[in-house]
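# Inside the fold
Each chain, letter by letter, is given below.
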Amino acid sequence: EEIYNIFSKEAVLTGKFDQYVKNIHGDKKGTSTVDSEFLKTIEEWRLELAKNIALRNKELTVDELNFAVQLIIDRIIFLRIAEDRGIEKYGQLKKLTELARNEKDNYPVYEAFIELCRKADAKYNSGLFHFTEEKDISLSADTLTPGLKVDDGKLKKIIDGLYYPDCPYEFSMISTEILGNIYEQFLGKVI
């Protein structure tokens, strides 16, 4: 019963686990908040992805590079959060990287990712997944990201980093306020 009262899901959600740790170790020095840690992670992904896209797509302007990297990362994170919240089938992104491993890297992860995004376009009808011009929507369709060359290894690293054991986050438990804060800070930075 004592273990349950400290380590159960309910205990963690209500702060009993944090109180237990504080009582044993005092203030939790050396820890940081979820939003700052996740922001650091996606900033690292942004830089790695930007370097790769710039190397493989030399004709891009700096603005196009920023736009493409931002959109790709936003789409990945949106789909991953939707998986943990039961809106999308769990593991669909991870499956893209697993297929690549099974096919000895002959499976085009980025092309499969874009196809997944096109399906999301049909499902969500949002600016994040807007690939086709529509007469009632003034937002320009994304014709840039589908034609990019992106190394599978870079994309695999990002996607794998959003799943256990590489990812410490349970996205269904992270509040929309925290996600919004991360997103606002992420938008404020450029390559």
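Here's what I pulled together on the structure shown here.

This part is about the side chain of Asn52. On the secondary structure map, Asn52 appears in helix H4 (residues 34-56). Look at Asn52 and you get buried, because its relative accessible area is 5%. Those residues within four positions of Asn52 in sequence are excluded, and the remaining contacts are Val150, Asp151 and Lys154.

A cis amide bond, omega 5 degrees, links Tyr164 with the succeeding residue Pro165. Mapped onto the secondary structure, Pro165 falls in the loop between helix H8 (152-160) and helix H9 (176-187).

Considering all chains together, one arrives at 7 salt bridges under this definition. Among the salt bridges present, the one from Lys157 reaches Glu48, with a minimum N-O distance of 2.9 Å. Here Lys157 is found in helix H8, whereas its partner Glu48 is found in helix H4, with 109 residues between them in sequence. The partly exposed category is assigned to Lys157, whose relative accessible area is 44%.

Taken together, the side chains of Ile3, Phe7 and Tyr20 define a hydrophobic patch exposed on the protein surface, amounting to about 320 Å² of accessible area. With respect to the helices and strands, the residue Tyr20 is situated in helix H3 (residues 16-25).

Moving on, we get to helix H5 (residues 62-84). Between its first and last C-alpha, H5 extends 33 Å over 23 residues, near the 33 Å set by a 1.5 Å rise per residue. Of all 23 residues that make up H5, 18 are buried, and the element is covered over most of its length. Once H5 ends, the next one or two residues include Gly86, with phi positive near 80 degrees.

Within this structure, the stated rule accounts for 1 cavity of 30 Å³ or more. As a volume, the largest cavity reaches approximately 30 Å³. Together, Trp45, Glu48, Leu49, Lys154, Lys157 and Ile158 line the largest cavity. Residue assignment for the lining of the largest cavity shows that the elements contributing at least two residues are H4 and H8.

Considering the arrangement of structural elements, one finds Ile159 in helix H8. The exposure class assigned to Ile159 is buried, which follows from its relative accessible area of 0%. Excluding residues that lie within four positions of it along the chain, Ile159 makes contacts with Ile76, Leu93, Lys94 and Thr97.

It is worth spelling out the nonpolar core at this point. Membership of the largest hydrophobic core comes to 41 residues, with the highest contact counts inside it found for Ile53, Ile72, Ile76, Leu93 and Phe113. Of all the secondary structure elements, the ones that give two or more residues to this core are H4, H5, helix H6 (92-102), helix H7 (109-124) and H8. It is H5 that provides the largest number of residues to this core, a total of 9 residues. Once residues within four sequence positions are removed from consideration, Ile72 is found in contact with Leu49, Ile53, Tyr110, Phe113, Thr145, Leu148 and Leu155.

Conventions used here
- Residues numbered from 1 in each chain as written.
- Predicted model: local features only at pLDDT ≥ 70, side-chain atom pairs only at ≥ 80, totals over all residues.
- Heavy atoms only, no water.
- Helix = DSSP H or I, 4+ residues; strand = E, 2+ residues; numbered from the N terminus.
- Buried < 20%, exposed > 50% of the residue type's maximum accessible area, 1.4 Å probe, protein only.
- Contact = heavy atoms within 4.5 Å.
- Salt bridge = Lys/Arg side-chain N within 4 Å of Asp/Glu carboxyl O.
- Patch = residues over 30% accessible without salt bridge, like charges linked within 9 Å, V, L, I, M, F, W, Y side chains within 5 Å.
- Areas by Shrake-Rupley, 256 points an atom, 1.4 Å probe, with all protein chains shown as cover.
- Expected span 1.5 Å × (residues − 1).
- 1 Å grid on protein atoms, 1.4 Å probe; cavity = no way out; pocket = protein on both sides within 12 Å on 5 of 7 lines; lining within 4 Å.
- Points joined across faces, edges and corners; volume = space filled by probe spheres on them.
- Core = buried A, V, L, I, M, F, W, Y, C linked by side-chain atoms within 4.5 Å.

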